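Commentary on secondary and tertiary structure
Each chain, written out:
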Amino acid sequence: MPASSSPRRARLLRGFALALPLIFGCQTKDAGPDEGEGNSGASGVGAEAPEAEVKAGTITKIRGSRGVSSPDLPEGAFLGEGATVHAGQWLELPRGTRVERQLEGGQRLRLDEDSRLRLPVDSADSLAQVELARGRLVVLADAPLEVLAADDRLVVERGEVELHHAGETRHFGVVQGRARLHTAGREIPLGPGASISTP
């Protein structure tokens with residue numbers, strides 16, 4: 001009996017040894033296309049891939065039942081707390097969702113429901129700049145940040161500033177700190193308590 005079990009054991013071990021590369025080979029082969037699909041879905045066009053890789057900040061808090069959507073994500077996918085956001089990426093909030101994110105420069109952005117915001121494009125030689133396409137944004141800044149809203153440009157020097165972009169009109173208010181509004185060819189300094197609507 002020991003003589004017959006030894007060849008059986010040898011055959012089992014040999015079969016197991018031959019099966020291992022096939023098992024791991026199949027797993028590696030399956031992982032490859034998923035990674036490729038994820039990369040192509042995230043970057044869209046190959047020329048945009050380097051820009052999408054530059055970290056612009058992190059989502060630190062989300063209030064509401066859904067996460068943050070982006071045109072870079074697959075249909076129905078959302079970003080959650082702790083997600084990394086990238087330079088130039090557009091973020092959209094559905095109704096009932098509020099989010100806070102921290103930029104790489106230390107500025108914090110609180111974005112209200114039904115808002116759309118573009119994150120700063122990586123540029124070492126210019127001021128960090130976000131674009132508010134619609135909705136409400138609160139900026140908490142220790143370092144300067146520029147916010148575009150339609151034809152207006154607000155430079156937040158420091159402090160807490162609120163912007164509301166409602167289509168044809170924009171409202172800017174300084175809770176504390178200082179900002180400068182560039183609108184219709186003028187520069188308007190704004191201090192604590194100041195508010196203004198354009199156009």
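See above for the structure.
Described in the following lines is the structure provided in the data block. This is a predicted model, so every value here is computed, not measured.

Assigned secondary structure in the protein consists of two helices and twelve strands. When the helices and strands of the protein are read in sequence order from the N terminus, they spell out α-α-β-β-β-β-β-β-β-β-β-β-β-β. Considering only residue pairs separated by 6 or more positions, the protein has 43% of its internal contacts joining residues 24 or more positions apart. Counting every atom, the protein has about 11,700 Å² of accessible surface; 53% of that belongs to carbon and sulfur.

Turning next to the nonpolar core. Core analysis: the largest hydrophobic core is formed by 32 residues, its most contacted members being Leu137, Val139, Leu154 and Leu163. If you list the elements that add at least two residues to this core, you get β1 (55-63), β4 (98-103), β5 (108-111), β7 (129-141), β8 (145-149), β9 (152-166), β10 (169-183) and β11 (186-190). The biggest single contributor to this core is β7, with five residues. Setting aside anything within four residues of it in sequence, one finds Leu137 in contact with Leu109, Arg110, Leu111, Leu117, Val130, Leu132, Val147, Val161, Glu162 and Leu163.

Here the focus is the packing of aromatic side chains. Using the criterion set out here, one finds zero aromatic pairs in the structure. Taking the ring centre of Trp90 as reference, the NZ or CZ of Arg116 above it sits at 4.1 Å.

Let us now look at unusual backbone geometry. A cis amide bond links Thr198 to the next residue, Pro199, at an omega of 0 degrees. Summarising the element assignment, Pro199 is placed in the segment after β12 (195-198). Of note in this structure, Asp114 is not a glycine but carries a positive phi near 55 degrees. Within the fold, Asp114 resides in the loop between β5 and β6 (116-118). With a relative accessible area of 27%, Asp114 lands in the partly exposed category. Here Ala150, not a glycine, exhibits a phi torsion of approximately 55 degrees, which is positive.

You can see Gly167 is positioned in the loop between β9 and β10. Gly167 sits in the partly exposed class, given a relative accessible area of 46%. Linking Gly167 and Ala150, residues 17 residues apart in sequence, is a C-alpha distance of 8.5 Å.

What counts and what doesn't
- Residues numbered from 1 in each chain as written.
- Predicted model: local features only at pLDDT ≥ 70, side-chain atom pairs only at ≥ 80, totals over all residues.
- Heavy atoms only, no water.
- Helix = DSSP H or I, 4+ residues; strand = E, 2+ residues; numbered from the N terminus.
- Contact = heavy atoms within 4.5 Å.
- Areas by Shrake-Rupley, 256 points an atom, 1.4 Å probe, with all protein chains shown as cover.
- Core = buried A, V, L, I, M, F, W, Y, C linked by side-chain atoms within 4.5 Å.
- Buried < 20%, exposed > 50% of the residue type's maximum accessible area, 1.4 Å probe, protein only.
- Phe/Tyr/Trp six-rings, centres within 6.5 Å; stacked < 30°, edge-to-face > 60°.
- Lys NZ or Arg CZ within 6 Å of the ring centre and 35° of its normal.

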